[in-house]
Amino acid sequence: MEKLLESDLYAPVRDYLEGLGYTVKGEVKDCDVAAWRDGELIVVELKRGFTLELIYQAMDRQRAADGVYVAVPLPRRGYMDPRMGDMRALCRRLELGLIFVGFTTGGAGQVDVAVHPKEAADLRRNKKRRLAVIRELEGRTGSANTGGVTGRKILTAYKEQALLVARLLRERGPLRADEVRALGGPANTGAILGRNPMGWFDREAAGKRYLYRVSRKGLEALELYAELL
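So, how was this worked out
- Residues numbered from 1 in each chain as written.
- Predicted model: local features only at pLDDT ≥ 70, side-chain atom pairs only at ≥ 80, totals over all residues.
- Heavy atoms only, no water.
- Helix = DSSP H or I, 4+ residues; strand = E, 2+ residues; numbered from the N terminus.
- Buried < 20%, exposed > 50% of the residue type's maximum accessible area, 1.4 Å probe, protein only.
- Contact = heavy atoms within 4.5 Å.
- Areas by Shrake-Rupley, 256 points an atom, 1.4 Å probe, with all protein chains shown as cover.
- Salt bridge = Lys/Arg side-chain N within 4 Å of Asp/Glu carboxyl O.
- Core = buried A, V, L, I, M, F, W, Y, C linked by side-chain atoms within 4.5 Å.
- Phe/Tyr/Trp six-rings, centres within 6.5 Å; stacked < 30°, edge-to-face > 60°.
- Lys NZ or Arg CZ within 6 Å of the ring centre and 35° of its normal.

Caption draft 1: Examining the overall build of the protein chain more closely. Helix and strand counts for the protein chain stand at eight helices and eight strands. The buried share of the protein chain, taken over its 229 residues, is 44%. Sequence separation of 24 or more characterises 57% of the internal contacts of the protein chain that already satisfy a separation of 6 or more. Counting every atom, the protein chain has about 12600 Å² of accessible surface; 48% of that belongs to carbon and sulfur.

Right under this line is the structure:
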């Protein structure tokens, strides 16, 4: 178990939630795992061990989600571990869910839900923060990010949209913003090109409008995120 990474827990948890009909994404607004189904937002925090840091993180996520789980590897002694009762009792008291992920010799992970969370009270949730998580989750078209990773680039919904614009301009540019959108660019193509916060685009005047092309930074970003895309 010492060799396990937090990111190793992601696939079993994702597969479990997807099997229940949730749309699941990793690394969404500081949440290791975010899942959305029929108006319900579930968050899962992943850790290699049941620590105080994990509990702090999970309690913080309760401000945004309808239900929060903590997920850890199943201890070596399994359900004979003397801490098992204490972990369950603490999660119940804090209204958190508890997931154990066991791994077979072949490396396959199996999820066992020991405690289900109680739904967070409306007064305790931060509606603005909850909406930000939901928008980010729904704005992504794929599952490029693995939950629980550290030191790796995260592909946000905005970056995904900006990379789509950059790819279209690399293949077909220079183009006007409306031409990029007509080729399959996102609805906010004009805002992405106009604001250009990451410096991925260059523009030149063409009458009353602008023509856009990919900048050097934009080409580097397409290479940097190629694997995730």
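Structure shown, so let's carry the discussion forward.
Caption draft 2: Region of interest: the pattern of salt bridges. Going through the model one piece at a time under the given rule, you end up with 14 salt bridges. When the shortest N-O distance is used, the salt bridge between Asp60 and Arg129 registers 2.4 Å. Here Arg129 lies in helix 4 (residues 127-139) and Asp60 lies in helix 2 (residues 52-61), a separation of 69 residues in the sequence. Since its relative accessible area comes to 26%, Asp60 is described here as partly exposed.

Caption draft 3: Just the nonpolar core, in detail. If you look at the biggest cluster of nonpolar residues, it comprises 25 residues, and the most contacted ones within it are Leu41, Leu98, Phe100 and Val133. Dropping the residues within four chain positions of it, Leu98 is found in contact with Phe50, Tyr69, Val70, Met87, Arg88, Cys91, Asp112, Val113, Ala114 and Val115. One finds Leu168, Leu169, Ala177 and Phe201 within the second-largest nonpolar core, a separate group that totals 19 residues.

Caption draft 4: Structural view of the packing of aromatic side chains. Applying the stated criterion to the full structure yields one aromatic pair. Aromatic side chains Tyr210 and Tyr212 sit 6.4 Å apart centroid to centroid with 55° between the ring planes, which places their arrangement in the tilted category. With relative accessibility at 35%, the residue Tyr210 sits in the partly exposed group. Under the relative-accessibility criterion, Tyr212 is labelled buried at 7%. Taking NZ or CZ as reference, Arg203 lies 4.0 Å from the ring centre of Tyr210, over its face.

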